[in-house]
Amino acid sequence: MQLSTEPEGAYLATARQHAVDEFIRIRREIHAEPELGFEEHRTAALVAGKLEDWGYAVERGVGGTGVVGRLVRGDGTRRLGLRADMDALPMAERSGRPWASRRPGVMHACGHDGHTAMLLAAARRLADDTRWSGTLVLVFQPAEEGGGGALRMMEDGLFDRHPCDAIFAMHNMPGLPLGHLQFREGPAMASSDYATITLEGVGGHGAMPHRASDPIVAAASLVMALQTIVSRNVDPQQTAVVTVGALQSGQANNVIPASARLEISVRALDAGVRALLEQRIRALATTQAEGLGCTARVDWRRGYTVLVNTPAETALARAVGLELVGAERVTLQGPALTGSEDFAFMLERVPGSYLLVGNGEGEDSCMVHNPGYDFDDRNIAVGAAYWTLLAQRFLTA
Ligand SMILES: [Zn+2]
Ligand SMILES: [Zn+2]
């Protein structure tokens, strides 16, 4: 069976010299046995075993189920970190692929199986490659999907025991042409915070509203007032999102309930805007509730931080992309995204850059987190070639 089919074009001449079929098989094996965040025991064991076979010093169980592989070559002093994520999502797969998930309700719908396979393929190649000198640190992290696995690895001493001068990560992106590389200097992915607002009023008979304090009216007023934060408080040149994703209260038409609850998602591409959003949401919750005879309790949960790609490392990442696939397959400064990514925490500590690789466009290109999604195996050659060249360029004697 022919497993790999190369994207058209000669740029993968180098990649083609190396067998990626082994890593396509590994990707499909990981895909068929997906594991949720901090439960990536099988995947982590597979990764750690391979790295050890190839001569890497391996540390298991970093931040739960994280794996670090380190290889030192020559007398180069620079230290390069490359990071992949390993976790799957709690959703049922409907891709129809022969290698579809064998675990009900769990699916690799974000392509982290592919990210892991790409970095493993690069690890295999770099183990035998003599065109670099220095320290290579390969980070396979758990729980990117909301679990903050990157932060857990850092709290567990990731960069204390494995210091890096720069770190890079790559995510696939449906809607971009297959193998296309997209870069961005500066803020590239949003912070994401969560608020639960509970409005307490005084319940009563629906026929006698003057004897009650109606939290539904306060909630409705608050939902509308929240819309003014982005339109009236945030600088029009900045990006911000305030989404009320849930509003729950009451059960009967003739009963005024005692409380209402709102669930809110808050995103920004700037730390100052992020702080402003929290301040305004808290203020509006309190004042809107008070003005309508209710009280507000705000439970604020900080999520991922803004992901900021540093200039020098992004310049290197772009140069490697141009060298590998040519200008027609590279976007040097793509748009920022309002999604979030916990690699942002690593970039708060270590300079680096996060890039996107196209997973294909057109009608059969399915967005990540969709039950029909699948990582395109042809990108394993692209990703492995990219990481290999980046290591060669960064880790010079
Ligand atoms: Zn995802
Ligand atoms: Zn993802």
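Residues numbered from 1 in each chain as written. Chains lettered and ligands numbered in written order. Predicted model: local features only at pLDDT ≥ 70, side-chain atom pairs only at ≥ 80, totals over all residues. Heavy atoms only, no water.

**Examining the overall build of the chain**
Right, on to step 1. Along the backbone of the chain there are 11 helices and 16 strands.
Right, on to step 2. Across its three principal axes, the chain shows a C-alpha extent of roughly 80 × 45 × 40 Å.
Right, on to step 3. Within the chain, the proportion of its 397 residues that are buried is 55%.
Right, on to step 4. Sequence separation of at least 24 residues holds for 82% of the intrachain contacts in the chain that already meet a minimum separation of 6.
Right, on to step 5. Only carbon and sulfur atoms are counted for the fraction: they give 50% of the accessible area of the chain, which is about 16,500 Å².
Right, on to step 6. Placing the 37 positive and 47 negative side-chain charges of the chain at their respective mean positions leaves the two points 1 Å apart. (Helix = DSSP H or I, 4+ residues; strand = E, 2+ residues; numbered from the N terminus. Buried < 20%, exposed > 50% of the residue type's maximum accessible area, 1.4 Å probe, protein only. Contact = heavy atoms within 4.5 Å. Areas by Shrake-Rupley, 256 points an atom, 1.4 Å probe, with all protein chains shown as cover. Lys, Arg positive; Asp, Glu negative; His and termini not counted. Charge placed at Lys NZ, Arg CZ, Asp CG, Glu CD.)

**Concerning the coordination of the zinc ion (ligand 1)**
Right, on to step 1. Protein ligation of the zinc ion (ligand 1) involves Cys-110 (SG), Glu-145 (OE), Glu-145 (OE) and His-369 (NE2), the donor distances falling in the range 2.0 to 2.8 Å.
Right, on to step 2. Around the zinc ion (ligand 1) sit four donor atoms, and with donor-metal-donor angles ranging over 51 to 149° the site reads as irregular.
Right, on to step 3. Read from N- to C-terminus, the donor residues coordinating the zinc ion (ligand 1) fall into the pattern C-x34-E-x223-H.
Right, on to step 4. Residue Glu-145 is classed as partly exposed on the basis of its relative accessible area, which comes to 25%. (Donors = N, O, S within 2.8 Å, 3.2 Å for Na, K, Ca; no water. Tetrahedral: all angles 85-135°; square planar, octahedral: opposite > 155°, others 65-115°.)

**Some words on the layout of surface pockets**
Right, on to step 1. Put simply, the largest pocket is a space of about 520 Å³.
Right, on to step 2. Taken together, 27 residues form the lining of the largest pocket, with Glu-145, Met-189, Gly-339, Ser-340 and Glu-341 sitting closest to its centre.
Right, on to step 3. Among the secondary structure elements, those contributing two or more residues to the lining of the largest pocket are β5 (166-173), β8 (191-200) and β16 (352-358).
Right, on to step 4. Tallying contributions element by element places β5 first for the lining of the largest pocket, with three residues. (1 Å grid on protein atoms, 1.4 Å probe; cavity = no way out; pocket = protein on both sides within 12 Å on 5 of 7 lines; lining within 4 Å. Points joined across faces, edges and corners; volume = space filled by probe spheres on them.)

**Thoughts on the coordination of the zinc ion (ligand 2)**
Right, on to step 1. Every protein donor of the zinc ion (ligand 2) is listed here as Cys-110 (SG), His-112 (NE2) and His-171 (NE2), and their distances to the metal cover 2.1 to 2.3 Å.
Right, on to step 2. Read in sequence order, the donor residues coordinating the zinc ion (ligand 2) give the pattern C-x1-H-x58-H.
Right, on to step 3. Between the zinc ion (ligand 2) and the zinc ion (ligand 1), a spacing of 3.1 Å is present, and a bridge between the two is formed by Cys-110.
Right, on to step 4. For Cys-110, a relative accessible area of 8% gives the class buried.
Right, on to step 5. His-112 gets classed as buried once you look at its relative accessible area, which sits at 0%.

**Focus on the sheet that holds strand β10 (residues 240-248)**
Paired through backbone hydrogen bonds, the strands of a sheet run either parallel or antiparallel to each other.
Right, on to step 1. Reading across the sheet, the four strands line up as β10-β12-β8-β13 and stay open at both edges, with antiparallel pairing between neighbours. On the outer flanks of this sheet lie β10 and β13 (295-302), each paired with one strand and no other. The average undirected angle you get between the axes of adjacent strands in this sheet is 20°.
Right, on to step 2. The pairing of β8 with strand β12 (residues 259-268) spans 10 bridges and is classified as antiparallel. Directly across from Ser-192, in β12, lies its bridge partner Arg-267.
Right, on to step 3. This element, helix α8 (residues 271-291), spans β8, β10, β12 and β13 of the sheet and lies at about 160° to β13. (Pairing = 2+ DSSP bridges. Axes fitted to C-alpha atoms, helices over the stretch in contact; angles between N-to-C directions.)

**Brief notes about α8**
Right, on to step 1. The end-to-end C-alpha separation of α8 is 30 Å, in line with the 30 Å expected for 21 residues at 1.5 Å each.
Right, on to step 2. Residues of α8 that are buried include every one of Val-273, Arg-274, Leu-277, Glu-278, Ile-281, Leu-284, Ala-285, Gln-288 and Ala-289, and no others. For α8, the arc enclosing every buried residue in end-on projection is 145°, short of the 170-degree limit, so these residues lie on one face. The exposed residues of α8 that point more than 90 degrees off its buried face are Ala-271, Glu-290 and Gly-291.
Right, on to step 3. Next to the buried residues of α8 lie β8, α7 (215-233), β10, β12 and β13.
Right, on to step 4. Two to three positions downstream of the cap, the backbone nitrogen of Gly-272 sits 2.8 Å from a side-chain oxygen, assigning the N-cap of α8 to Asp-270.
Right, on to step 5. Where α8 ends, the next residue or the one after it, Gly-293, has phi of about 80°, a positive value. (Expected span 1.5 Å × (residues − 1). Arc of directions from axis to C-beta. Polar contact = N/O pair within 3.5 Å; in protein donor to acceptor, adjacent residues only side chain to side chain.)

**Some thoughts on the pairing of strand β1 (residues 57-62)**
Consecutive side chains of a regular strand alternate in pointing toward one face of the sheet and then the other.
Right, on to step 1. Pairing of β1 with strand β2 (residues 66-73), which is carried by four bridges, proceeds in the antiparallel orientation. From the neighbouring strand, Val-62 faces β2, where its bridge partner is Gly-66.
Right, on to step 2. From the end of β1 to the start of β2, which pair antiparallel, there are three residues, and Gly-63 there has a positive phi angle of about 65°.

**Here we look at the packing of aromatic side chains**
Right, on to step 1. Counted according to the given criterion, the structure contains five aromatic pairs.
Right, on to step 2. With a centroid separation of 6.3 Å and 40° between ring planes, the pair formed by Phe-183 and Tyr-386 is classed as tilted. Taken together, the residues span a long stretch of sequence, with Phe-183 in the loop between β6 (181-182) and β7 (186-189) and Tyr-386 in helix α11 (residues 379-394) at a distance of 203 residues.
Right, on to step 3. By relative accessible area, Phe-183 is classed as buried at 1%.
Right, on to step 4. Overall, the relative accessible area of 0% leaves Tyr-386 in the buried class.
Right, on to step 5. Cluster of aromatic residues (ring-pair linked, three or more members): Phe-183, Tyr-386 and Trp-387.
Right, on to step 6. Just above the ring of Trp-99 sits the side chain of Arg-28; from NZ or CZ to the centre is 3.7 Å.
Right, on to step 7. Above the face of the Phe-394 ring, Arg-78 is positioned so that its terminal group lies 3.8 Å from the ring centre. (Phe/Tyr/Trp six-rings, centres within 6.5 Å; stacked < 30°, edge-to-face > 60°. Lys NZ or Arg CZ within 6 Å of the ring centre and 35° of its normal.)

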